[in-house]
Amino acid sequence: MKATSKMPIDFDCAVCKHPIRVPDGAEGKRTKCPKCQAIQPVPSAQDDEFRLKESEFEDPPAGGSSASMTEVLAPLPSRAPLSDEQRPKDVSASGDDFEDTYADDYSSQVGANAARAEAFEKIQTPALISMILTGLGIVSDLVLSIVWTVSTLSDQDVENPAVWVTIGTIIFAFAISLQGLALFGSYQARDLKNFGLAWAGFIIALLPCSFFFILNIPISVWGMTVLSDGGVQRQFED
């Protein structure tokens, strides 16, 4: 007799819509999104079937509109009564006690997901623009270093061209390294991962390491203003 193969459970994150896959048997438990780290309950096959039947009686949403906060929180489990198999394994309650515990946990999870979604929305734009400008600065410095090396070596009037090429290479390498750290810090800010590196990224982007630093000044100030928000700070992992 062949053993029945278990199919994994696939669903989208309630905050960032990133696809999540968990093994079969995880219904009712909690899991963490690999992208935004939001903790949320794992839906079951019964939940999906219930939502599908319920959607047949609802009017389709207007096309072309952006996702609202209600749509962001829609994947969270409904308040319909749960079966014994659907109940979270880490809740040791029954009857009315279980319903009260689940209601409190549900409300706190909705609030946590909403706060994280709001922090994502605030930091995304300055972080992405800073990443683009910093990347352009790195490319421009690489091109300038090549032009500097070729022109110095081909100029007959330059004394000790190898020395000047070495000096220029060191300067450009230092500038590119700083911009690489700024780029990594902007990436950490965008994903709400490391608060210290996020601050460092925006600060380093203010340094004159390329011609694009002038454009990056208002963006970095914008990013640091967002990082000063206590609500945003609490959503970072560290």
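For the structure itself, consult the block above.
Residues numbered from 1 in each chain as written. Predicted model: local features only at pLDDT ≥ 70, side-chain atom pairs only at ≥ 80, totals over all residues. Heavy atoms only, no water.

Q: Please explain the overall build of the protein as it appears in this structure.
A: Each helix and strand in the protein was counted, giving 7 helices and 4 strands. Going residue by residue from the N terminus, the α and β elements of the protein occur as β-β-β-β-α-α-α-α-α-α-α. Among the 238 residues that make up the protein, the fraction classed as buried is 33%. For the protein, contacts bridging at least 24 residues in sequence account for 58% of all contacts bridging at least 6. For the protein, the exposed surface amounts to about 14500 Å²; the carbon and sulfur share of it is 62%. (Helix = DSSP H or I, 4+ residues; strand = E, 2+ residues; numbered from the N terminus. Buried < 20%, exposed > 50% of the residue type's maximum accessible area, 1.4 Å probe, protein only. Contact = heavy atoms within 4.5 Å. Areas by Shrake-Rupley, 256 points an atom, 1.4 Å probe, with all protein chains shown as cover.)

Q: Would you mind going over the packing of aromatic side chains with me for this structure?
A: Two numbers describe a pair of aromatic rings. These are the distance of the centres and the angle of the planes. Following the criterion strictly, the structure yields 3 aromatic pairs and no others. Ring geometry for Phe195 against Phe236: centres 5.3 Å apart, planes inclined by 75°, an arrangement best described as edge-to-face. Highlighted residues: Phe195 in helix 5 (residues 195-204) and Phe236 in the segment after helix 7 (230-233), separated in sequence by 41 residues. Since its relative accessible area comes to 5%, Phe236 is described here as buried. Feature note: the residues Phe195, Trp199 and Phe236 constitute an aromatic cluster, connected by ring pairs. (Phe/Tyr/Trp six-rings, centres within 6.5 Å; stacked < 30°, edge-to-face > 60°.)

Q: So what exactly am I meant to see when it comes to helix 5 here?
A: Turn by turn, an α-helix covers 3.6 residues, leaving residues three or four places apart pointing in a common direction. Residues of helix 5 that are buried include every one of Ala198, Gly201, Phe202 and Ile204, and no others. What you see down the axis of helix 5 is that its buried residues fit within an arc of 165°, all on one side. The N-cap residue of helix 5 is Asn194: its side-chain oxygen and the backbone nitrogen of Gly196 are 3.1 Å apart. (Arc of directions from axis to C-beta. Polar contact = N/O pair within 3.5 Å; in protein donor to acceptor, adjacent residues only side chain to side chain.)

Q: So what exactly am I meant to see when it comes to the nonpolar core here?
A: Where a protein is soluble and globular, its nonpolar side chains tend to be buried together. Val22, Cys36, Ile123, Leu192 and Phe202 are the most contacted members of the largest nonpolar core, which totals 25 residues. Secondary-structure elements contributing two or more residues to this core are strand 1 (9-12), strand 2 (19-22), helix 3 (95-154), helix 5 and helix 6 (213-227). If one sorts the elements of this core by residue count, helix 3 sits on top with 5 residues. Residue contacts for Leu192: discarding those within four places in its chain leaves Arg116, Ala119, Phe120, Ile123, Val232, Gln235, Phe236 and Glu237. (Core = buried A, V, L, I, M, F, W, Y, C linked by side-chain atoms within 4.5 Å.)

Q: Sorry, what's going on with the pairing of strand 1 here?
A: Sheet faces and side chains relate simply in a regular strand, where the side chains alternate between the two faces. Residues of strand 1 alternate between two faces, with Ile9 and Phe11 buried on one and Asp10 and Asp12 left unburied on the opposite face. In this structure, the hairpin formed by strand 1 and strand 2 is closed by a connection of 6 residues, where Lys17 is found at a positive phi of approximately 65°. (Pairing = 2+ DSSP bridges.)

Q: Help me understand the environment of Ser186 in this model?
A: Secondary-structure assignment places Ser186 in helix 4 (residues 161-190). Assessed through its relative accessible area of 0%, Ser186 is described here as buried. Each C-alpha atom of the pair Ser186 and Thr134 lies 9.1 Å from the other, and the pair is 52 residues apart in sequence. Ignoring any residue separated from it by four or fewer positions in sequence, one finds Ser186 in contact with Ala127, Ser130, Met131 and Gly201. A polar atom in the side chain of Ser186 sits 3.1 Å from the side chain of Ser130.

Q: Quick question: what am I supposed to make of empty space enclosed by the protein here?
A: A water-sized probe rolled over the atoms picks out the places where empty space is left. Evaluated as defined, the whole model comprises 2 cavities of 30 Å³ or more. In this structure, the second largest cavity occupies an estimated 70 Å³ of space. Lining the second largest cavity, in full, are Leu133, Thr134, Gln179, Ala182, Ile204, Ala205, Leu207, Cys209, Ser210, Phe212, Phe213 and Asn216. Among the secondary structure elements, those contributing two or more residues to the lining of the second largest cavity are helix 3, helix 4 and helix 6. Taken together, the residues that form the lining of the second largest cavity break down as 8 nonpolar, 4 polar and no charged. (1 Å grid on protein atoms, 1.4 Å probe; cavity = no way out; pocket = protein on both sides within 12 Å on 5 of 7 lines; lining within 4 Å. Points joined across faces, edges and corners; volume = space filled by probe spheres on them. Nonpolar A, V, L, I, M, F, W, Y, C, P; charged D, E, K, R; others polar.)

Q: Is there a simple way to explain helix 4 in this structure?
A: Across its 30 residues, helix 4 extends 43 Å between first and last C-alpha, which sits within 8% of the 44 Å expected from 1.5 Å per residue. The complete set of buried residues in helix 4 reads Val165, Gly168, Phe172, Ala175, Ile176, Leu178, Gln179, Ala182, Gly185, Ser186, Gln188 and Ala189. The positive-phi residue at the C-terminal boundary of helix 4 is Leu192, with phi of around 55°. (Expected span 1.5 Å × (residues − 1).)

Q: I keep staring at the side chain of Ser140 and nothing clicks. Help me out?
A: By secondary structure assignment, the location of Ser140 is in helix 3. Residue classification places Ser140 among the buried residues on the basis of a relative accessible area of 17%. Among all residues touching Ser140, those that are not within four sequence positions of it are Ser210 and Phe212.

Q: Got a minute to help me understand the pattern of salt bridges in this structure?
A: A side chain with one charge may pair with a side chain of the opposite charge, provided their charged atoms come close. By the definition in use, this model includes 4 salt bridges. The salt bridge involving Asp191 is made with Arg190; its shortest N-O contact spans 3.0 Å. Classification of Asp191 as buried rests on a relative accessible area of 6%. The partly exposed category is assigned to Arg190, whose relative accessible area is 21%. One connected set of salt bridges, linked through shared partners, spans Glu118, Lys122 and Asp229. (Salt bridge = Lys/Arg side-chain N within 4 Å of Asp/Glu carboxyl O.)

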